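# Notes for the structure review
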Amino acid sequence: MNQRRSRFQIHGWLLLMPAAIFLIAFTYYPTLATLAKSFFSQGNAIKPSRFVGLENYEFLITDEVFWKVVGNNVIYAATTIPISIALALLMAVWVNGRLPMKSLVRMSFFTPTVLPMIAVANIWLFFYSPDIGLIDQITSSFGIASHNWLGDPDTVLGCIIVITIWKEAGFFMIFYLAALQTLSPELEEAARLEGASRWYYFRRVMFPLLMPTTLFVLINAIINSFKLVDQLFILTKGGPDNASSLLLYYIYEVAFSFLDQAYASTLTVVLLLALAIIAIGQFVFLDKKVHYR
Amino acid sequence: MSAIELCGITKRWGDTVAVRDVSFKVEQGTFAVLLGPSGCGKSTSLRMIAGLEDISDGQLLIGDVDMTTAQPAERKLSMVFQSYALFPHLDVRENILFGLKIRKIPAAEQEIRLTRVAELVGLSALLERKPAQLSGGQRQRVALARAFIAENPICLMDEPLSNLDAKLRHEMRIEIRALQQRLQTTVVYVTHDQAEAMSMADKVILIREGQIEQEGTPDELYNKPATTFVAAFVGTPPMNLIDPKKMGQIPALTDTSDGSPILGVRPENITLVTEGGLESELLSADYLGADTIITARIGQEELLIRAAGRVNVLKPRPARIRWQKEDVHFFDRNSGKRTDRTKAVDF
């Protein structure tokens, strides 16, 4: 009996192994290694790496660039997430209705998602260029002076935010569109017979029924706000004066430009912690408010 | 004053005509059934009354007021949908009160009406449940409660029982009818099930290919079908429609032979006899418990016979059958319309 049970267990573990190997090799081991590395100093040929305890974390607290970058990322997340989700919902409701050339409109909303971020960044680089860029050409025809959009610390983050919203909204729209099409049209008809306005129907029926989609999209949007930094490589490299740098881009710079992998590990641990707290919070607090069918 | 009056209502989608020049009246407090096979335009007609579908041509009067282009909410009517259209994220209470909250009825009155309606349909114990936690019959009751709480004079029902099993369907049929009579609501009810129509309706409007085939009480449709289509659609099993010319050598069934009409006899009006009548061959029997449906053949024509109790037809055998002349209907061979010129004779 005992033998049979242990055979069962071996069988089970063998079935789990392929997935487990990948998870351990590419997720758990790197995470733990990063955590370990954050307690050591950066070694080089002369000075080998040594255990420094929380020294890296102490430095982090006093690191002005880190706080600047965190601030940027909070602004970036707080604007891109709600605006792109709201836009996505609006576009989905619009293209879900009766509309001439519906598929053309749907496709054009979705196109930004299909394009690689690097290509998108190059397109927008042309829009934002001072004097010769599309925006300046249009504004100059109204007699407005040209502006170096990406060179001005006051406008650069806004420019990055606009690109991200433009790219993400179409992607999220697809999820909302799919969810909207599972809603029975009879629900709307029943509401219309009761005299519900379109807004009332949206507020009391459609939006609550879309909550599972909203939660999914929200999680994606938050993750993206921390991990989508491709455009920075093309457009600004985090500048000017870190005005457009985001946390992940800063980690990349520290690790591969300044070659301080120990401090980069410390930053990574902070990023992971922040994401973990957000994820737990979402599932604990929002899950209760979501109606799943 | 009629509760609802349709005058030459037509519905077109591009080149296809779903409903063609339909006119009928439904009196206050009447249970009217729109009956017909799938795709005949009965649901479209109902949706035009509700205002969920635009009317291409014609005029719609509700309580003598022209409502042809009015918004659904202005028409003061409730509707029960085939899928019930309950809001899955709201509990039973909120589902039922949905319309009252939109119209901002005072909370105290909402409660009074809710208690009354919930009691009426037997949902009082289930008000906190979500639709997913209810059985099909209970969901149906929620949909009815939501329709009746509005206290509108008119209630439209679009195949409300088609998602229920046979036993429950029968129970709900009785319940809906009882509710309608108690509340004196005017009901327009769409179904393709003729048994439902026969048992519930004060008035049946039989629709075929977007046009009214016959309009009348269940009795009239059953006893005086206007066309062969009505004759074949109403009653289970349907009326036998036979061509006397194809029955071979038989005694005269009619007083004349001019026009040679189609002859209709209901299976329940044919009896097996030991002598006299017509000679036939019994082919098979379908035992249903209380009675047996027998398939018989005379010449080239097959007909169905409903016989009480159990009749065995293990292999084809000859038998004599007969019917009374009062039970015979005649229809014009070409138009399919009822004709009373020809008279049946006993044989």
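Scroll up to find the structure.
Broken down by element type, chain B carries eight helices and 18 strands. Seen through its C-alpha atoms, chain B measures out along the principal axes to roughly 75 × 45 × 35 Å. Out of the 347 residues in chain B, the part that is buried amounts to 53%. A sequence separation of at least 24 residues applies to 65% of the contacts in chain B between residues at least 6 apart. Summed over its atoms, the accessible surface of chain B is roughly 15,800 Å², and 48% of this surface lies on carbon and sulfur atoms. Separation between the mean location of the 43 positive side-chain charges and that of the 46 negative ones in chain B comes to 3 Å.

Each helix and strand in chain A was counted, giving 13 helices and zero strands. Taken from the N to the C terminus, the helices and strands of chain A come in the order α-α-α-α-α-α-α-α-α-α-α-α-α. Its C-alpha atoms give chain A a radius of gyration of 24 Å, clearly above 19 Å, the size a compact globule of 293 residues would have. Counting only C-alpha atoms, chain A reaches 80 × 75 × 30 Å along its principal axes. Per-residue burial over chain A gives 39% buried out of 293 residues. Taking all contacts inside chain A whose residues are at least 6 apart in sequence as the whole, residues at least 24 apart take part in 67%.

Residue and element names in this part refer to chain B. Taken in spatial order, the three strands of this open sheet run β11-β12-β18, and their pairing is antiparallel. Each end of this open sheet is capped by a strand with a single partner; those strands are β11 (240-242) and β18 (328-331). Looking at each pair of strands side by side, their axes are set apart by 25 degrees on average, direction ignored. Where strand β12 (residues 262-265) and β18 come together, four bridges link them in antiparallel fashion. Across the sheet, residue I262 finds its bridge partner in β18, namely F331.

Let us look at the interface of chain B and chain A. Contacts between the two partners involve 25 residues from chain B, matched on the other side by 18 residues from chain A. In total, about 2,000 Å² of surface goes out of reach between chain B and chain A, with carbon and sulfur atoms giving 62% of it. Considering only the side of chain B, the residues that lose the most area to chain A are B:H89, B:F98 and B:I102, jointly responsible for 28% of the buried surface there. The tally of links between chain B and chain A comes to three salt bridges.

Attention now goes to a nonpolar patch on the surface. Residue and element names in this part refer to chain A. A contiguous nonpolar surface patch, about 670 Å² in accessible area, is contributed by I10, L14, M17, I21, F22 and F26. Mapped onto the elements of the fold, L14 is located in helix α1 (residues 2-37). Residue L14 is classed as exposed on the basis of its relative accessible area, which comes to 51%.

What follows concerns empty space enclosed by the protein. Scanning the entire structure with this criterion turns up one cavity of 30 Å³ or more. By volume, the largest cavity is sized at about 100 Å³. Lining of the largest cavity is provided by A:A190, A:L193, A:E194, B:L77, B:S78, B:M79, B:F81, B:R103, B:R146, B:A147, B:A150 and B:N152. It is strand β6 (residues 77-80) of chain B that provides the largest number of residues to the lining of the largest cavity, a total of three residues. Class assignment of the residues belonging to the lining of the largest cavity gives a composition of seven nonpolar, two polar and three charged.

On to the packing of aromatic side chains, then. The final tally for this structure, using the stated rule, is 23 aromatic pairs over all chains. A centroid spacing of 5.0 Å and a plane angle of 75 degrees characterise the contact between A:W124 and A:F127, whose relative ring orientation is edge-to-face. In this pair, A:W124 and A:F127 are both assigned in helix α5 (residues 117-128), three residues apart and thus about one turn of the helix distant. For A:F127, a relative accessible area of 21% translates into the label partly exposed. With centroids separated by 5.9 Å and ring planes inclined at 70 degrees, the aromatic side chains of A:Y200 and B:F98 adopt a geometry described as edge-to-face. Of this pair, A:Y200 sits in helix α9 (residues 198-209) while B:F98 sits in helix α2 (residues 92-102), each in a different chain.

All names here are of chain B. Inspection of the entire model under this criterion finds 22 salt bridges over all chains. The salt bridge involving R333 is made with D243; its shortest N-O contact spans 2.8 Å. One end of the pair, R333, is in the segment after β18; the other, D243, is in the loop between β11 and β12, with 90 residues separating them in the sequence. Here R306 ties to D291 by a salt bridge, and the two come within 2.8 Å at their closest N and O atoms. Here R306, found in strand β16 (residues 301-308), pairs with D291, found in strand β15 (residues 291-298); they are 15 residues apart in sequence, far enough to count as distant. When its relative accessible area of 27% is taken as the criterion, R306 is described as partly exposed.

Here the focus is the nonpolar core. All names here are of chain B. Counting residues in each nonpolar core, the largest one holds 80 residues, and the members touching the most others are I4, L60, F98 and L156. Setting aside anything within four residues of it in sequence, one finds L156 in contact with L46, I49, A50, L77, S78, M79, V80 and V188. With 45 residues, the next largest nonpolar core counts V33, I96, L126 and A145 among its residues.

With that settled, the discussion passes to the side chain of B:T10. Residues and elements named next belong to chain B. Tracing the backbone shows T10 in strand β1 (residues 2-13). You can call T10 buried: its relative accessible area is 10%. Only 3.0 Å separates the side chain of T10 from the backbone nitrogen of D21, close enough to count as a polar contact. In contact with T10, other than residues within four places in its own chain, are V17, V19, R20, D21, M48, I55, S56 and D57.

Turning next to the side chain of B:K11. Residues and elements named next belong to chain B. Secondary-structure assignment places K11 in strand β1. E53 provides the closest opposite charge to the buried, unpaired K11, separated from it by 4.4 Å. The residues touching K11, leaving out its near neighbours within four places in the chain, are T16, V17, A18, V19, T44, M48, E53, D54 and S56.

What counts and how
Residues numbered from 1 in each chain as written. Chains lettered and ligands numbered in written order. Predicted model: local features only at pLDDT ≥ 70, side-chain atom pairs only at ≥ 80, totals over all residues. Heavy atoms only, no water. Helix = DSSP H or I, 4+ residues; strand = E, 2+ residues; numbered from the N terminus. Buried < 20%, exposed > 50% of the residue type's maximum accessible area, 1.4 Å probe, protein only. Contact = heavy atoms within 4.5 Å. Areas by Shrake-Rupley, 256 points an atom, 1.4 Å probe, with all protein chains shown as cover. Lys, Arg positive; Asp, Glu negative; His and termini not counted. Charge placed at Lys NZ, Arg CZ, Asp CG, Glu CD. Rg over C-alpha atoms; globule rule 2.2 N^0.38 Å. Pairing = 2+ DSSP bridges. Axes fitted to C-alpha atoms, helices over the stretch in contact; angles between N-to-C directions. Buried area = accessible area lost by both parts, 1.4 Å probe. Salt bridge = Lys/Arg side-chain N within 4 Å of Asp/Glu carboxyl O. Patch = residues over 30% accessible without salt bridge, like charges linked within 9 Å, V, L, I, M, F, W, Y side chains within 5 Å. 1 Å grid on protein atoms, 1.4 Å probe; cavity = no way out; pocket = protein on both sides within 12 Å on 5 of 7 lines; lining within 4 Å. Points joined across faces, edges and corners; volume = space filled by probe spheres on them. Nonpolar A, V, L, I, M, F, W, Y, C, P; charged D, E, K, R; others polar. Phe/Tyr/Trp six-rings, centres within 6.5 Å; stacked < 30°, edge-to-face > 60°. Core = buried A, V, L, I, M, F, W, Y, C linked by side-chain atoms within 4.5 Å. Polar contact = N/O pair within 3.5 Å; in protein donor to acceptor, adjacent residues only side chain to side chain.

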